[in-house]
Amino acid sequence: MLPDFPDFSGKKLTNTPCYCEENVYHLCKTFISDEMKNKYDTYACFISNENRMIPIWKQRTSKDTEGMVIWDYHVILIVKVKETGQNLIKTSVYDFDTILPFPCDFSTYTQESFQILNIPQYQRKFRIIPAETYLRVFASDRSHMIKEDGTWNSPPPTYPPISTSDSVNNLESFINMTENLDSNDFGQVFNEDDFKRKFGFTKFSIIFG
């Protein structure tokens, strides 16, 4: 039997509206203990494209009846059970902004949230970063959330900005889907079909000798 995914019911998670990249950063921390690493492979996933226009459905902030929002970028957490002896893979998605379950199984989430729009400028791309890499590299000074008049587009988290010894702000490198396509620091970029293949359920068969 495959292990269940943590649902964090009743637990207070770090979650600041409009700061999905930081919310996922802190959620990554819960999955890097030795116990968790033995059970799961965990990834931060940035979703964007060259036009900074990606449609995602079932979003809580939407005024649309279908819950559709066109984001410039969005960030989710993907957690995959490590392969078992039966060669089964089970994957779930943690999205702080969805009205779907938290977590939601990968198949349901992608079907409900990534509906097809045959419009080239809305084609989604996905940057996948292992959780430990994301925690090591990510930095943001939150300047992207400051308006020209110096006020905030949305109130920032109450804790200090995330930085590393190498950077105070590299958020753009994660959002950008045309550079660092296969990087030790910024992960790999996938189109939607390859993204689904990477994390989709794997069918298996039993061979009798």
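Bear in mind the structure is a predicted one, so any value in this text is a computation, not a measurement.

So, how was this worked out
Residues numbered from 1 in each chain as written. Predicted model: local features only at pLDDT ≥ 70, side-chain atom pairs only at ≥ 80, totals over all residues. Heavy atoms only, no water. Helix = DSSP H or I, 4+ residues; strand = E, 2+ residues; numbered from the N terminus. Rg over C-alpha atoms; globule rule 2.2 N^0.38 Å. Buried < 20%, exposed > 50% of the residue type's maximum accessible area, 1.4 Å probe, protein only. Core = buried A, V, L, I, M, F, W, Y, C linked by side-chain atoms within 4.5 Å. Contact = heavy atoms within 4.5 Å. Disulfide = S-S within 2.5 Å. Pairing = 2+ DSSP bridges. Arc of directions from axis to C-beta. Polar contact = N/O pair within 3.5 Å; in protein donor to acceptor, adjacent residues only side chain to side chain.

Below, the discussion takes up the overall build of the protein chain. Of regular secondary structure, the protein chain possesses six helices and nine strands. Relative to the compact-globule value of 17 Å for 209 residues, the protein chain shows a C-alpha radius of gyration of 17 Å, a close match. Each principal axis of the C-alpha atoms in the protein chain carries an extent, and together these give about 70 × 40 × 35 Å. Buried residues in the protein chain amount to 46% of all 209 residues.

A word on the nonpolar core. Formed by 32 residues in total, the largest nonpolar core has its most connected members in Phe31, Phe46, Leu77, Tyr94, Tyr134 and Phe174. Elements with a contribution of two residues or more to this core: helix 1 (20–29), strand 1 (40–48), strand 4 (74–81), helix 4 (131–137) and helix 5 (171–175). With five residues, the top contributor of residues to this core is helix 1. Non-local contacts of Phe174, meaning those with residues more than four positions away in its chain, are made with Phe46, Arg127, Ile129, Tyr134, Val137, Phe138, Asp185 and Phe186.

What follows covers the state of the cysteines. In the structure shown here, the tally under the stated rule is zero disulfides. Free of any disulfide, Cys18 has its nearest neighbouring cysteine sulfur in Cys20, separated by 8.4 Å. Of all cysteine sulfurs, the one in Cys45 lies closest to Cys104, which takes part in no disulfide; the gap is 14 Å. A relative accessible area of 3% places Cys104 in the buried class.

Here we come to unusual backbone geometry. Glycine aside, negative phi is the norm for most residues, and most peptide bonds take the trans geometry. Residue Pro103 is bonded to the preceding Phe102 through a cis peptide linkage, with omega at 5°. Within the secondary structure, Pro103 is located in the loop between strand 5 (91–94) and strand 6 (104–105). Backbone geometry at Arg52 places phi at a positive 55°, although glycine is not the residue there. You can see Arg52 is positioned in the loop between strand 1 and strand 2 (54–56). With a relative accessible area of 29%, Arg52 lands in the partly exposed category.

Along the chain, Thr30 turns up in the loop between helix 1 and helix 2 (34–39). The sequence separation of Thr30 and Leu13 amounts to 17 residues, and the corresponding C-alpha distance is 9.9 Å. Apart from residues lying up to four places away in sequence, Thr30 is in contact with Phe8 and Met36.

Before going further, it helps to spend a moment on the side chain of His26. By secondary structure assignment, the location of His26 is in helix 1. Classification of His26 as buried rests on a relative accessible area of 16%. The contact partners of His26, leaving out residues within four places of it in the chain, are Thr14, Tyr159 and Ile162.

A word on the sheet that holds strand 5. Across the sheet, which stays open at both edges, the seven strands sit in the order 6-5-4-1-7-9-8 with antiparallel pairing between neighbours. With partners counted over all chains shown, the strands left at the sheet margins are strand 6 and strand 8 (182–183), one partner each. Two strands pair when backbone bridges link them, and strand 7 (residues 125–130) and strand 9 (residues 187–191) are joined in this way by four bridges, in the antiparallel orientation. Bridge pairing in strand 9 links Phe126 to Phe190.

A separate point is helix 6 (residues 192–199). Turning to helix 6, its buried residues number three or more, namely Glu192, Phe195 and Phe199. The buried residues of helix 6 all sit within an arc of 60° when viewed along its axis, so they share a single face. Projecting away from the buried face of helix 6 at angles above 90 degrees are the exposed residues Asp193 and Arg197. Those residues of helix 6 that are buried are in contact with strand 1, strand 4, strand 5, helix 3 (106–113), strand 7 and strand 9. The distance from a side-chain oxygen at the start of helix 6 to the backbone nitrogen of Asp193 is 3.2 Å, and the residue carrying that oxygen is Asn191.

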